[in-house]
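So you can see what is in the structure, the chains are spelled out below.
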Amino acid sequence: MHLLIVMAFGLLIWRTDQQPFSPPIHSGILSVAVVAFQVILWWVAARLSSSYALRRLRPNGAGVDAAQYTYHHTSLVLRILVFAGFAADLFLTRWPQTIEAIRPIPPWSAIADLIIISPFLITVVAVWQAQFPIDHALRKYVSGLRAWEGGHRTGVWSFGEYLSFNVRYQMLTVAVPMTVILLTYRLCQHHRRQLADALLFPWVPDALLALVAAAVFILAPVLLKSIWATSPLPAGPLRQRLEEACRRTGLRCRDILVWDSHGMVINAAVMGIFARFRYVLLSDGLLEGLKEEEIEAVFGHEAGHVRHHHMQYFLLFALVSILLVSGVMEVIVRLSWGPRALFALSETAIQGIGLGLIALFWGVVFGWLSRRFERQADVFGVRCVSPADAPCGDACGVHPVDGCEPARGHPLCVAGAKVFVTALDQVAVLNGIPQEERSWRHSSIASRMRFLMAQAGDPALAGAFHKLIRNIKRTLWTLTVVGLIVTVTYSLWREDYRRIIIHNTLEPLRRVGQDRPVAYRRAVVRLLQSNAAPADLVVFGGHENRLTSIPQEYIPCRQWIPRWVQSTGSNGGRITPVGGMGRFV
């Protein structure tokens, strides 16, 4: 859900930037009716799918796997349909224009944007409401299973708790930071000329937006720990064990937090790139349902994401995707526009190709990359719970017996792998996730369990996987460096791009370093206020447009103005005596 909400905000920004075509539905009333109809349509679809999954969940629990598959798969399909419906509202109806026409709401404000995107968010909440019966039934079954296995039986959350958790975790986690970025974007666009004129550089608004987005990204963990309803992990043996794991693995974080989910979620997360703003979160259900060594294994998995710099490499992947998509679109533009065009494509078609390539990169390539990084984090979690010195008691390449040498390469401890596999199995059971259910970002639980046991049993496989990850990271760095070099070289080689770069960068610097219009205007003001005898005529050819605040009249001048002009090195200034008076030209 997080990615779809980010994409929804992205579409909102792209629509106002591009305006690809006129919507076929021209009536504002009809557009509002279409938007309202979609909310009802997707709520009905969610209700029907929930009822169907409930029917598959037979009273004796024999159909729990079928019900789980139906619930999870229909949820995925519904999320995609809701997003597609919102895209249709933006581009096929006059819903955005209808909202932007409302007064006194300024059309450039984030208030209008939030109203435009509200049907999408309302539909998401309506789908959650329709799916609550099946979610409640499955969690009730899992709670009973936990009690049957001798664990602590927890009460199943109420509708209010269920909805509150989903809104906080699934929606506000992304919507709040994106709203801040969206507000900054609108303000920068609306006041673009004023900002550029005040600070001389035309790219200042873009730089300001980038700085705000970076600040939001860095400081987001501080905000999210409040949105997620967290509290510090209490002092005790478990905290001591996890803090020792931090010291052993080199993980630095600001705090270890308990994530309140009313005992319904068995999961963990790590937030933040920088240690000062980094938190490790363990859900209350995880702490209640798993043993301490299993909790440490899951904690080690999250530490693995930090120690292997996965977040930084995801950012690198985002940069690579931007460079590649921009390069492809530039080639298409050069081949389809101009007198030597090989084919003809409209701007809308080219923008559509760009969006399709972005969807391909993030839907396919990013998913593949994320699944490999998840497995690397799994391996780190195994090493975190592997015995350090004493033999583990298994046929292990890390702890050999009978005086054998440890296996070369990157072997995994069999005992540590068993602990982590057991933790994965518990996470699947207690979360009501079928072990063979595929996941776009994490792979199925069963495939991750098989992977770890195979790696522990064959050091050669562990070495091959380590080499694969190393090559992936090297490829990302290579593509980034090559892409930046090609982009800079191409931009300087193309005359039109070179002219834009010079105008946006060198011209403001020249104005600051040579013309110094602010200092010049101040000198003139002081001169006008003086009663000194007139001296010279100062001529600034071609500079009159930049000095609009200076009256174009004869004014008394002082002898030091020529010296000031000479000291600034202005090529356009020349001094002409006119018998005691001066005039700006």
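The rules we used
Residues numbered from 1 in each chain as written. Predicted model: local features only at pLDDT ≥ 70, side-chain atom pairs only at ≥ 80, totals over all residues. Heavy atoms only, no water. Buried < 20%, exposed > 50% of the residue type's maximum accessible area, 1.4 Å probe, protein only. Helix = DSSP H or I, 4+ residues; strand = E, 2+ residues; numbered from the N terminus. Pairing = 2+ DSSP bridges. Patch = residues over 30% accessible without salt bridge, like charges linked within 9 Å, V, L, I, M, F, W, Y side chains within 5 Å. Areas by Shrake-Rupley, 256 points an atom, 1.4 Å probe, with all protein chains shown as cover. Salt bridge = Lys/Arg side-chain N within 4 Å of Asp/Glu carboxyl O. Disulfide = S-S within 2.5 Å. Axes fitted to C-alpha atoms, helices over the stretch in contact; angles between N-to-C directions. Parallel < 35°, antiparallel > 145°, perpendicular 65-115°, else oblique. Left-handed = near helix turned anticlockwise from the far one by under 90°. Contact = heavy atoms within 4.5 Å. Nonpolar A, V, L, I, M, F, W, Y, C, P; charged D, E, K, R; others polar. pLDDT = per-residue confidence, 0-100.

**Examining the pairing of strand 2 (residues 255–259)**
Two faces, one strand: in a regular strand the side chains alternate between the faces of the sheet.
Step number 1: Of all 5 residues in strand 2, 5 are buried, a share of seventy percent or more.
Step number 2: Residues Asp-255, Leu-257 and Trp-259 line one face of strand 2 and the alternating positions Ile-256 and Val-258 line the opposite face, and both faces are buried.
Step number 3: Here strand 1 (residues 230–232) pairs with strand 2 via 3 bridges, running antiparallel. When the sheet's bridge partners are listed, Ser-231 is paired in strand 2 with Val-258.
Step number 4: Where strand 2 meets strand 4 (residues 279–283), 5 bridges bridge the pair, whose relative direction is parallel. Bridge pairing links Leu-257 to Leu-281 in strand 4.

**Some remarks on a nonpolar patch on the surface**
Step number 1: A cluster of nonpolar side chains, Leu-3, Val-6, Met-7 and Trp-440, forms an exposed patch at the surface whose accessible area comes to about 310 Å².
Step number 2: Structurally, Val-6 can be placed in helix 1 (residues 2–18).
Step number 3: Under the relative-accessibility criterion, Val-6 is labelled partly exposed at 34%.

**Some details on the state of the cysteines**
Step number 1: Summed over all chains, the structure comprises 0 disulfides.
Step number 2: Lacking any disulfide linkage, Cys-246 is separated from the closest cysteine sulfur, that of Cys-253, by 4.6 Å.
Step number 3: Using a relative accessible area of 9% as the deciding quantity, one classes Cys-246 as buried.

**Focus on the packing of helix 13 (residues 347–384) against helix 15 (residues 445–457)**
Step number 1: In contact at an axis separation of 11 Å, helix 13 and helix 15 are set at 55° when each is read in the N-to-C sense. By the criterion of interaxial angle, the relationship of helix 13 to helix 15 is oblique. Once helix 13 is placed against helix 15, the crossing between them reads as right-handed. For the pair formed by helix 13 and helix 15, the contact residues are Glu-374, Arg-375, Asp-378, Val-379 and Val-382 on the first element and Ser-447, Arg-448, Phe-451 and Leu-452 on the second.
Step number 2: Among the residues forming the contact of helix 13 with helix 15, the class breakdown is 4 nonpolar, 1 polar and 4 charged.

**So, the confidence of the model for the protein chain**
Step number 1: A residue-level look at the protein chain finds 76% of positions with pLDDT of 70 or above and a mean pLDDT of 78.
Step number 2: Long-range and interchain partners of residues 527–585, a stretch whose pLDDT sits below 50, account for 97 contacts in this model, where long-range means more than four residues apart.

**Observations concerning the packing of helix 13 against helix 14 (residues 414–431)**
Step number 1: It is at 8 Å that the axes of helix 13 and helix 14 come closest, and there the two elements cross at 115°. For the pair helix 13 and helix 14, the sense of crossing is right-handed. In this structure, helix 13 contributes Asp-378, Gly-381 and Val-382 to the contact, and helix 14 contributes Gly-416, Ala-417 and Phe-420.
Step number 2: In terms of residue class, the contact of helix 13 with helix 14 is made up of 3 nonpolar, 2 polar and 1 charged.

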